[in-house]
Number of protein chains: 2
Amino acid sequence: MASSSFNVVSLIRKKRDGNSLTESEIEQLIDAYTKDLIPDYQMSAFLMAAFLNGMNAGETAALTNSMLNSGIVVDLSHIDGIKVDKHSTGGVGDKTSLILAPIVAACGVPVPMISGRGLGHSGGTLDKLQSIPGFRVDMKLSRYKEIIEKHNLVLAGQTEEIAPADKRLYALRDVTATVEAIPLIASSIMSKKLAEGIDALVLDIKFGSGAFMKDQNDAIRLAETLVQIGEQFGKQTVGWLTSMEQPLGNAVGNWLEVKESIECLRGGGAEDLLEVTHLLAGTMIWLGGKAGTAEEGTELSRQAISNGTAFQKWLDIVEEQGGDSSVILNPETYPDAKFIENITSGQDGYVSGIDTYSIGMAALELGAGRKTKEETTDPQAGLLIHRKTGDYLKKGETIVTLYTNKKEEIPEITENIRQAYTLTESSPDPIDVITHRVDKEGVHEYRPKSL
Amino acid sequence: MASSSFNVVSLIRKKRDGNSLTESEIEQLIDAYTKDLIPDYQMSAFLMAAFLNGMNAGETAALTNSMLNSGIVVDLSHIDGIKVDKHSTGGVGDKTSLILAPIVAACGVPVPMISGRGLGHSGGTLDKLQSIPGFRVDMKLSRYKEIIEKHNLVLAGQTEEIAPADKRLYALRDVTATVEAIPLIASSIMSKKLAEGIDALVLDIKFGSGAFMKDQNDAIRLAETLVQIGEQFGKQTVGWLTSMEQPLGNAVGNWLEVKESIECLRGGGAEDLLEVTHLLAGTMIWLGGKAGTAEEGTELSRQAISNGTAFQKWLDIVEEQGGDSSVILNPETYPDAKFIENITSGQDGYVSGIDTYSIGMAALELGAGRKTKEETTDPQAGLLIHRKTGDYLKKGETIVTLYTNKKEEIPEITENIRQAYTLTESSPDPIDVITHRVDKEGVHEYRPKSL
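Residues numbered from 1 in each chain as written. Chains lettered and ligands numbered in written order. Predicted model: local features only at pLDDT ≥ 70, side-chain atom pairs only at ≥ 80, totals over all residues. Heavy atoms only, no water.

K.L.:
Would you mind going over the side chain of Thr60(A) with me for this structure?
P.N.:
Residues and elements named next belong to chain A. For Thr60, the location among the structural elements is in helix α4 (residues 57–68). Residue class for Thr60 comes out buried when judged on its relative accessible area of 2%. Not counting chain neighbours up to four residues away, the residues in contact with Thr60 comprise Met55, Pro183, Ser187, Thr225 and Ile229. (Helix = DSSP H or I, 4+ residues; strand = E, 2+ residues; numbered from the N terminus. Buried < 20%, exposed > 50% of the residue type's maximum accessible area, 1.4 Å probe, protein only. Contact = heavy atoms within 4.5 Å.)

The structure is reproduced here in structure tokens:
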């Protein structure tokens, strides 16, 4: 312990003084921490030094690698095809995974998807999936492989075996104000994604009031770092910058979002949600080798909905994973929350902005999210957003409908949601839903037609 | 704990983002840490953020105050006179405390001196005092007050009751690479000094190869911060920048330094040592109200040696604190180390530089210092330096004499000491022993005659 401890202090000092650690030094550090040879107080000093002085590409890759190799790395090489997953940095009303996973699988690209739970204002795919009665996300590795082999798709939850070093480091960062550093965020995301058994990855990096990265330039830097790590690990990686200046689609909350996904898979759905979903799906289909370009992939994605194969894939996977497909076929049979309340506008005007963080927090307070990791979520709770940026509102019109089983929360949340809407007399500029593409060639502004 | 913990993260974040904490936030933080309400891993993240982003004067004062008030603050207000102490940032061969304490007390200024042990290459006053047979530095507060009342002087060791928060923080800084930040160093020093019951303080801030601050500008910044804190606490504080580019005086090692102090108190001693000692003592005498200027104080300091009152004070305090005054009167009766070995020069040349850190480490290896807090020191071990910067050496002349009880260390240390000396053909520029004075008016270059 004495000599190991001496070493650690010199590594902390090196990072503190703005120098870069070697790959082997990073690996030693993470390895020793995972083995309990380094106390939390040394690791947190290191993390703060790394937060403030940054980490270069080599250090970030080494950190990713150490966390990745602290646990199981799934091997899906025996399964034919280029395995592709999508990761989103998290937002409000972001149910794209539920729609694109069956689309991409239906197009012949295997999708091994391991998702997390929501925390804070941001929803989690796992909570949404679990609002489907009977749907199981916990499984053994053999079952995980069996499902993807059979359906080109598996929707699983993170286990203790995936990147346990990241789990410990994340918990420490959470209580030491060292969360929001790009190299730390990027290595945490990638160590988990690289463990799934993927060959390629599509990233949805969100910015704006409902995202963890409020600032678009920070989001671009994060995207660049994520793509760089992916490519360093030999996985083709493409990132899209998408706006979280308003909720994506109309539903926020677990079952409400599953219901909106079903609408989309049946040919309906909100335009912004469909635009993002098809672009992400199209990129996955292209990376999966089933289309010549992302644009062509996007076209195939739309076809998978119109020809019904995506919805059929969705029914198959729900049944395979123990879910009740009758609520997928007949969503109106799903029991509603006890209290459903319309929030109306107090005045006339154009919606010129929506504080999306507040919308996410309102859904959380209604029961859809959790404040601590220990809390459970209410599948029925959430919001339906009827009016979005650019819409003209008349006084008394319904803006949002609340769904909750917590009556006492309604008055305050009603007030918070009204305040989240900014109304103006003149019409605002439209929101660009997708702004940039980031790949190994660099950062490209997105213009839909020249994709 | 939940709400307290939440609070802490926001304080860490504030410092991380380069903002200043309020006095009350700093006090809350240190108070909660001392009460074990904050884990080490949060404090170390805070310390690293403070290390890298700095702390302003208000924060540094608040930190000092919190650490000061975590323990006993001695009240000597019932004792007449302006109580003055001196603190040195540490060096090699620095025995000024042993000489100036009896001088200043003999001049009528009460000196409540609480000293620490040596660590690393730097010696500690406490280890030197304890080389005197029977000398006791541990005492109750009532005895501390009794001794100073009787003799205008007390020489005590730090106890657990003085600034315990500093003790804990220092231990944490030591293992998290957060030692060398000026606000943290300054608050640590001052929280201990302000607890002694002083009214004024003289600081000896050392720079150069044998000091903790190698760089003179860093030392000036530290001096400014220390003076600022002292003045904020209503204690007149004057700092002197002194060179540690070579050992101060000729002896390095516990008893050897006591012996050199006795020589000085009896009218002998090396010029550089006397220059620094009389200036520091003179400043103390002036701040203690017994001289109109520091220069006048310096004159009184020299007189206290020539008239024998300082040596008599030394004998009195040694006897009062249980020491054997016969070895003070007859230092030649003190038993020598088993092995005494002369190191000779391998070539001719001027001594143009001495790596003083290496000299300090050599003394440590011979037994005079300790590598860990648990080790004991050997009172007999050390070095006598016969040749210093500017001296001309002939091949075969003795440079240094080693005193040790560890024969096996001699060959390597001999080699290290030879390498610590740089010899050149031409004579080097003389070393300025004292370069700057720092007080509440600012930083002043030191020119002896215009003091």
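K.L.:
Hey, could you run me through helix α13 (residues 294–306) of chain A in this one?
P.N.:
Residue and element names in this part refer to chain A. Across its 13 residues, α13 extends 19 Å between first and last C-alpha, which sits within 8% of the 18 Å expected from 1.5 Å per residue. Looking only at α13, the buried set comprises Ala294, Gly297, Thr298, Ser301, Ala304 and Ile305. Seen end-on, α13 carries its buried residues on one side only, within an arc spanning 115°. Buried residues belonging to α13 abut α5 (96–106), α11 (254–265), α12 (271–287), α14 (309–320) and β13 (434–439). The first or second residue beyond α13 is Gly308, which carries a positive phi of 80°. (Expected span 1.5 Å × (residues − 1). Arc of directions from axis to C-beta.)

K.L.:
Looking at this structure, how should I read the interface of chain A and chain B?
P.N.:
Interface extent is often summarised as the accessible area lost during association of the parts. Opposite the 21 residues of chain A that make contact, chain B presents 21 residues. Along the contact surface separating chain A from chain B lie 4 salt bridges. Contributing elements (two or more residues each) for the side of chain A that touches chain B: α1 (2–16), α3 (40–53) and α8 (164–174) of chain A. By residue number, the principal contributor to the side of chain A that touches chain B is α3(A), which donates 10 residues. The residue inventory of the side of chain A that touches chain B, partitioned by class, reads 11 nonpolar, 5 polar and 5 charged. (Salt bridge = Lys/Arg side-chain N within 4 Å of Asp/Glu carboxyl O. Nonpolar A, V, L, I, M, F, W, Y, C, P; charged D, E, K, R; others polar.)

K.L.:
Would you mind showing me how to read the sheet that holds strand β13 (residues 434–439) of chain B here?
P.N.:
Within a sheet, each strand pairs with its neighbour through backbone hydrogen bonds, oriented either parallel or antiparallel. All names here are of chain B. An order of β1-β4-β5-β13-β14 is seen for the 5 strands of this open sheet, with the pairing classed as mixed. The sheet terminates laterally at β1 (84–88) and β14 (442–445), the two strands that pair on one side only. Adjacent strand axes in the sheet meet at a mean angle of 20° when their direction is disregarded. Sheet topology note: the strand β4 (residues 200–207)/strand β5 (residues 236–243) ladder contains 8 bridges and is parallel. Residue pairing in the sheet places Phe207 in a bridge with Ser243 of β5. (Pairing = 2+ DSSP bridges. Axes fitted to C-alpha atoms, helices over the stretch in contact; angles between N-to-C directions.)

K.L.:
Whenever I open this one, the domain arrangement of chain A confuses me. Can you help?
P.N.:
All names here are of chain A. By the assigned domains, chain A splits into domain 1 (8–54), domain 2 (84–330 + 433–445) and domain 3 (336–424). Computed over C-alpha atoms only, the centres of domain 2 and domain 3 are separated by 24 Å. Contact with domain 2, which involves 26 residues of that partner, is made by 25 residues of domain 3. Summing both partners gives a buried area of about 1900 Å² for domain 2 against domain 3, and 56% of it is carried by carbon and sulfur. Looking at the side of domain 2 facing domain 3, the largest losses of area belong to His121, Gln246 and Leu256, adding up to 26% of the total buried there. Inspection of the region where domain 2 meets domain 3 yields 2 salt bridges. The partner of Asp272 in a salt bridge is Lys388, and the shortest N-O contact between them spans 2.5 Å. Summed over the shared surface of domain 2 and domain 3, the result is 14 residue pairs in polar contact (both at pLDDT 80 or more). (Domains from an automatic or database assignment. Buried area = accessible area lost by both parts, 1.4 Å probe. Polar contact = N/O pair within 3.5 Å; in protein donor to acceptor, adjacent residues only side chain to side chain.)

K.L.:
Honestly, the packing of aromatic side chains in this entry has me stumped. Any pointers?
P.N.:
Each aromatic ring pair is specified by the distance between its two centres and by the angle formed by the two planes. If you walk through the whole model with that rule in mind, you get 6 aromatic pairs over all chains. Centre to centre, the rings of Trp255(B) and Tyr334(B) are 3.8 Å apart; their planes meet at 5°, and the pair counts as stacked. Placement of Trp255(B) in helix α11 (residues 254–265) and of Tyr334(B) in the loop between α15 (325–329) and β7 (339–344) is noted, with a sequence separation of 79 residues between them. Between Tyr350(B) and Tyr392(B), the ring centres sit 5.0 Å apart and the planes meet at 70°, which makes this aromatic pair edge-to-face. In this pair, Tyr350(B) sits in strand β8 (residues 349–354) while Tyr392(B) sits in strand β10 (residues 392–393), placing the two residues 42 residues apart along the sequence. Over the ring of Tyr33(A) we find Arg168(A); its NZ or CZ atom is 4.1 Å from the centre of that ring. (Phe/Tyr/Trp six-rings, centres within 6.5 Å; stacked < 30°, edge-to-face > 60°. Lys NZ or Arg CZ within 6 Å of the ring centre and 35° of its normal.)

K.L.:
Explanation requested: the relation of the copies chain A and chain B in the structure shown.
P.N.:
Turning one copy of the chain about an axis and sliding it along that axis gives the other copy, so a rotation and a shift relate them. Once chain A has been moved 0.0 Å along the axis and rotated by 179°, it coincides with chain B to within an RMSD of 0.1 Å. Both copies of the chain, as the preceding transformation shows, are related through a two-fold rotation axis. In terms of proximity to the rotation axis, the leading residue of chain A is Tyr41(A), whose C-alpha is 1.7 Å off the axis. (Least-squares fit on C-alpha atoms with pLDDT ≥ 70 in both.)

K.L.:
How do you make sense of the sheet that holds strand β11 (residues 398–404) of chain B when you look at a structure like this?
P.N.:
Pairing is antiparallel in the open sheet, where 4 strands are placed in the order β6-β9-β11-β7 (chain B). Looking at strand neighbours, the two that pair on one side only are β6 (251–252) and β7 of chain B, the edges of this open sheet.

K.L.:
Is there a simple way to explain the side chain of Lys83(B) in this structure?
P.N.:
All names here are of chain B. Here Lys83 shows up in the loop between α4 (57–68) and β1. A relative accessible area of 3% places Lys83 in the buried class. Within polar-contact distance, the side chain of Lys83 engages the backbone oxygen of Gly81 at 3.0 Å. Look past the residues within four positions of Lys83 in its chain and what remains in contact with it is Leu76, Ser77, Pro110, Pro112, Gly197, Ile198, Asp199 and Ala200.

K.L.:
I tried to follow the pattern of salt bridges on my own but got confused; where do I start?
P.N.:
As a working rule, side chains carrying opposite charge can pair if their charged atoms are close by. All told, the structure shown has 52 salt bridges over all chains when counted by the stated rule. Between Glu180(B) and Arg16(A) there is a salt bridge, with its nearest N and O atoms 2.8 Å apart. Linking Glu180(B) in the loop between α8 (164–174) and α9 (182–193) with Arg16(A) in helix α1, this pair reaches from one chain into another. Since its relative accessible area comes to 41%, Glu180(B) is described here as partly exposed. Residue classification places Arg16(A) among the buried residues on the basis of a relative accessible area of 7%. With its nearest N and O atoms 3.7 Å apart, the salt bridge here joins Lys83(B) to Asp199(B). On the criterion of sequence distance, the pair formed by Lys83(B) in the loop between α4 and β1 and Asp199(B) in the loop between α9 and β4 is long-range, its members being 116 residues apart.

K.L.:
Got a minute to help me understand the environment of Ile114(B) in this structure?
P.N.:
Residues and elements named next belong to chain B. Along the chain, Ile114 turns up in strand β2 (residues 111–115). As a C-alpha pair, Ile114 and Leu287 span 173 residues in sequence and 19 Å in three-dimensional space. Non-local contacts of Ile114, meaning those with residues more than four positions away in its chain, are made with Asp85, Tyr144, Ala156, Gly157, Gln158, Ile162, Lys193 and Glu196.

K.L.:
Any chance you could explain the packing of α4(A) against helix α9 (residues 182–193) of chain A here in plain terms?
P.N.:
Helix-helix packing is described using two parameters, namely the angle between the two axes and the distance between the axes. Residue and element names in this part refer to chain A. One way to put it is that α4 packs onto α9 with a least axis distance of 8 Å and a crossing angle of 35°. Remark: the crossing between α4 and α9 carries right-handed chirality. Where α4 abuts α9, its residues Thr60, Leu63, Thr64, Met67 and Leu68 lie against Pro183, Leu184, Ser187, Ser188, Met190 and Ser191. Tallied by class, the residues present in the contact of α4 with α9 amount to 6 nonpolar, 5 polar and no charged. (Left-handed = near helix turned anticlockwise from the far one by under 90°.)

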